Amino acid sequence: MFIRQLDLTHFRQFNHLKINPAPHINIIYGNNGSGKTSLLESIYWLSHGRSFRQVRGMQLIQDDEEMATVYASFHDGQDRSIGWQKKKHGSSSWRLDRQPVTSFAPIAKSLPVQWLDTSSHRDYASGPKERRRFFDWGLFHVEPEFHGVWSSYQTAVSQRNAALKQKQWLGQWDHQCVHWGERLDAMRRSYFECYSQVFEQYVASLSLVDLSVSLRYERGWSDSDSLAEALASSLGQDQRMGFTSCGPHRADVVITTPKGAAHQRLSQGQQKMLAYAWRLAQGEMLQSKRGSHGIILIDDLTAELDPQKRSNVLRLLAEHSWQCFIAVVHLDEVAPFLPKGLDFSAMKIGS
């Protein structure tokens, strides 16, 4: 999978920008404030329908313009396209393969994009919700039934919570929570078995074996109970609190060291390298399940990475079929660390 063409109009500081990226390594370089991160943001926006920055669609439109557009054509076994348009005084409109869509799910599924920057290690330090979201992102892209199962379980839990608050009969929603929750947990456990092995391989490839890190999956209720038993035993507590206290919506995937959680025991540089293993392992799962690593966006690769670690990351990216967009201030922060003879594209942004 790779983006063939990216076309921005009145998006952020770009009045109009059209690029034809290389299918593998793309280095975006230029001075601070030139728009490197904004270019990466436009690709992320097409994949996620939101920014990695805390902004709304209207804030992406240039101040003196009434509308912004982002368009990308990409290849995924066949030629495809995604387009987004936003007017200042109207809603966003989306097109997939030039046809209007009302649900974002098919767009998100068609273009898997991951993001790494100097704060990416905080994803697994932010709490179970962010770790679940990251883990479920991979499942969403490789398991066709996942989105339907996940949505059905979320609806069941929401309805059970409403019934708890209103002191209504729970039988129907308990049954739905168990039915969909056990299916969701089975999907996660199966994915985790494969993902954890790939993660360990990437930890080793990034020369992090001395960290002795491991992954642990926690399903959201006691391993000794079925979900039906867990819901029954927590009923009194749930009725007092007004919400469902156990189930897959409380699941977690934890990175640990012998001395405790990784985000509490490791240095910033070590955590950042773990974030690369955390993300790259997802790409490897995409490759094994759907035949493509997807696309990865990296902002400020050099921060907190010494030359050896930088070289390790770039070597792994070069060895696999990622399409990468790497933003740096100076080209020589990256180019000398790429394997000799590797074809790559270098694009300067700004003057």
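The rules behind these values
- Residues numbered from 1 in each chain as written.
- Predicted model: local features only at pLDDT ≥ 70, side-chain atom pairs only at ≥ 80, totals over all residues.
- Heavy atoms only, no water.
- Axes fitted to C-alpha atoms, helices over the stretch in contact; angles between N-to-C directions.
- Helix = DSSP H or I, 4+ residues; strand = E, 2+ residues; numbered from the N terminus.
- Left-handed = near helix turned anticlockwise from the far one by under 90°.
- Contact = heavy atoms within 4.5 Å.
- Nonpolar A, V, L, I, M, F, W, Y, C, P; charged D, E, K, R; others polar.
- Core = buried A, V, L, I, M, F, W, Y, C linked by side-chain atoms within 4.5 Å.
- Buried < 20%, exposed > 50% of the residue type's maximum accessible area, 1.4 Å probe, protein only.
- Polar contact = N/O pair within 3.5 Å; in protein donor to acceptor, adjacent residues only side chain to side chain.
- Phe/Tyr/Trp six-rings, centres within 6.5 Å; stacked < 30°, edge-to-face > 60°.
- Lys NZ or Arg CZ within 6 Å of the ring centre and 35° of its normal.
- Pairing = 2+ DSSP bridges.
- Parallel < 35°, antiparallel > 145°, perpendicular 65-115°, else oblique.
- Expected span 1.5 Å × (residues − 1).

J.: Can you lay out the packing of helix 4 (residues 146–165) against helix 5 (residues 171–205) for me, pointing to particular residues and giving the numbers?
T.: Relative to each other, helix 4 and helix 5 sit at 145°, their axes nearing to 8 Å. The two elements helix 4 and helix 5 cross, and the hand of that crossing is left-handed. Residue-level inspection shows F146, V149, W150, S152, Y153, A156, V157, Q159, R160 and A163 of helix 4 in contact with helix 5, the latter providing W173, D174, Q176, C177, W180, G181, R183, L184, M187 and R188. Class assignment for the residues of the contact of helix 4 with helix 5 results in 12 nonpolar, four polar and four charged.

J.: Residue-level account of the nonpolar core, with values.
T.: Y195, F199, L317 and I326 are the most contacted members of the largest nonpolar core, which has 67 residues in total. For this core, the element with the most residues is helix 5, which contributes 12 residues. Counting residues in hydrophobic clusters, the runner-up holds 36 residues, among them M1, W94, I107 and I349.

J.: Describe the side chain of S292, listing the residues and the values that go with them.
T.: Structurally, S292 can be placed in the loop between helix 9 (268–290) and strand 12 (295–299). Among the polar contacts made by the side chain of S292, one reaches the main-chain amide nitrogen of M1 at a distance of 3.4 Å. A polar contact is formed between the side chain of S292 and the backbone nitrogen of G294, at a distance of 3.0 Å. Beyond its immediate stretch of four places on either side in the chain, S292 contacts M1, G283, L286 and Q287.

J.: Explain the packing of aromatic side chains residue by residue, including any values.
T.: Applying the stated rule across the entire model yields 16 aromatic pairs. Ring centres 5.2 Å apart and planes at 80° place the aromatic pair F135 and Y191 in the edge-to-face group. Within this pair, whereas F135 is found in helix 3 (residues 128–142), its partner Y191 is found in helix 5, the two being separated by 56 residues in sequence. Here the aromatic rings of F135 and Y195 are separated by 5.8 Å at their centres, their planes lie at 90°, and the arrangement is edge-to-face. Pair noted here: F135 is in helix 3 and Y195 is in helix 5, with a separation of 60 residues, a long-range link. Across this residue pair, the class does not change: F135 and Y195 are buried. Taken together through their ring pairs, the aromatic side chains of F134, F135, Y191, F192, Y195, F199, Y217 and W278 make up a single cluster. The lysine or arginine in question, K109, covers the ring of F140, its NZ or CZ lying 4.5 Å from the ring centre. Here the guanidinium or amino end of R310 rests over the ring plane of F337, the centre of that ring lying 4.8 Å away.

J.: So what's going on with the sheet that holds strand 8 (residues 113–116)? Which residues, and what values?
T.: Strands sit in the order 8-12-13-3-14 across an open sheet of five strands; the sheet is parallel. Both outer strands of the open sheet, strand 8 and strand 14 (345–348), are each paired with one neighbouring strand and no more. Within the sheet, the average angular offset between the axes of one strand and its neighbour, ignoring direction, is 15°. Here five bridges tie strand 3 (residues 25–29) to strand 13 (residues 323–328), and the two strands are oriented parallel to one another. If you follow N26 over to strand 13, its bridge partner there is F325. Where helix 9 meets the sheet, it contacts strand 8 and strand 12, and its direction lies at approximately 170° from that of strand 8. Sheet strands in contact with helix 10 (residues 307–319) are strand 3, strand 12 and strand 13, and its direction is about 150° off that of strand 13.

J.: Hey, could you go over the packing of helix 9 against helix 10 for me, with residue numbers and the actual values?
T.: Where helix 9 meets helix 10, the axes come as close as 11 Å, and the angle between the chain directions of the two elements is 10°. With respect to helix 10, the element helix 9 is oriented roughly parallel. Note on element contacts: helix 10 touches helix 9 through K309, V313, L316 and L317, opposite M273, Y276 and L280. Classifying every residue of the contact of helix 9 with helix 10 gives six nonpolar, no polar and one charged.

J.: Describe helix 1 (residues 36–48), with residues and values.
T.: In this model, helix 1 (13 residues) spans 19 Å end to end at C-alpha, consistent with the 18 Å of a helix rising 1.5 Å per residue. Counting buried positions over the 13 residues of helix 1 gives 12, a clear majority of the element. Along helix 1, the residues that are buried comprise K36, S38, L39, L40, E41, S42, I43, Y44, W45, L46, S47 and H48. Where helix 1 terminates, the next one or two residues include G49, which has phi positive at roughly 70°.

J.: With reference to specific residues and values, describe the sheet that holds strand 11 (residues 260–261).
T.: Reading across from one edge, 9-10-11 is the order of the three strands in this open sheet, with antiparallel pairing throughout. Of all strands in the sheet, those with a lone pairing partner are strand 9 (214–218) and strand 11, marking the two edges. Across two bridges, strand 10 (residues 252–257) lies against strand 11 in antiparallel orientation. When the sheet's bridge partners are listed, T257 is paired in strand 11 with G260. Packed onto the sheet, helix 5 meets strand 9 and strand 10 and runs at close to 180° relative to strand 9.

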